[in-house]
Amino acid sequence: MASAFQKPFFLSRHIHAHEDRLGWQRRITCHSFRHAFGTHLYEDGVDLLTIKAFMGHKSLHSTTVYVHLAANGTSSAVSPFDRLAGIYHG
């Protein structure tokens, strides 16, 4: 029998349940986390070829979306997840 984590859309359902509980509009998706991860890598100075490899993209063109999503001032960016964990890379 498959575990809960192996069932399709488990994470999406979990995210949406929390959004509903908080009274938020359903806007967060697993893909949102993927985009945030790639964007934060770019903002932290990771080169596009490395990001391409991490994200499993076949084409560098697919990776360039993170350049457009990134904020200016990339050298001082710290991932919100690192801030939550008390890790600072400055």
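Residues numbered from 1 in each chain as written. Predicted model: local features only at pLDDT ≥ 70, side-chain atom pairs only at ≥ 80, totals over all residues. Heavy atoms only, no water.

(A) Geometry of the overall build of the chain. Check the secondary structure of the chain and you find six helices and zero strands. N-terminal to C-terminal, the α/β element order of the chain is α-α-α-α-α-α. Per-residue burial over the chain gives 18% buried out of 90 residues. Counting contacts in the chain only where the partners sit at least 6 residues apart, residues at least 24 apart contribute 38% of the total. Total accessible area computed for the chain in this model is approximately 6,900 Å², and 61% of it derives from carbon and sulfur atoms. (Helix = DSSP H or I, 4+ residues; strand = E, 2+ residues; numbered from the N terminus. Buried < 20%, exposed > 50% of the residue type's maximum accessible area, 1.4 Å probe, protein only. Contact = heavy atoms within 4.5 Å. Areas by Shrake-Rupley, 256 points an atom, 1.4 Å probe, with all protein chains shown as cover.)

(B) Spatial organisation of a nonpolar patch on the surface. Together, Phe-33, Phe-81 and Leu-84 give the surface a local cluster of nonpolar side chains, amounting to about 370 Å² of exposed area. Following the sequence through the fold, Phe-33 ends up in helix α2 (residues 30–43). A relative accessible area of 41% means that Phe-33 is categorised as partly exposed. (Patch = residues over 30% accessible without salt bridge, like charges linked within 9 Å, V, L, I, M, F, W, Y side chains within 5 Å. Salt bridge = Lys/Arg side-chain N within 4 Å of Asp/Glu carboxyl O.)

(C) Expanded view of helix α1 (residues 10–22). Taking 1.5 Å of rise per residue, 13 residues should cover 18 Å, and α1 covers 19 Å from first to last C-alpha, within 8% of that figure. In this structure, the buried residues of α1 make contact with α2. Backbone geometry just downstream of α1 places Gly-23 in the positive-phi region, at approximately 75 degrees. (Expected span 1.5 Å × (residues − 1).)

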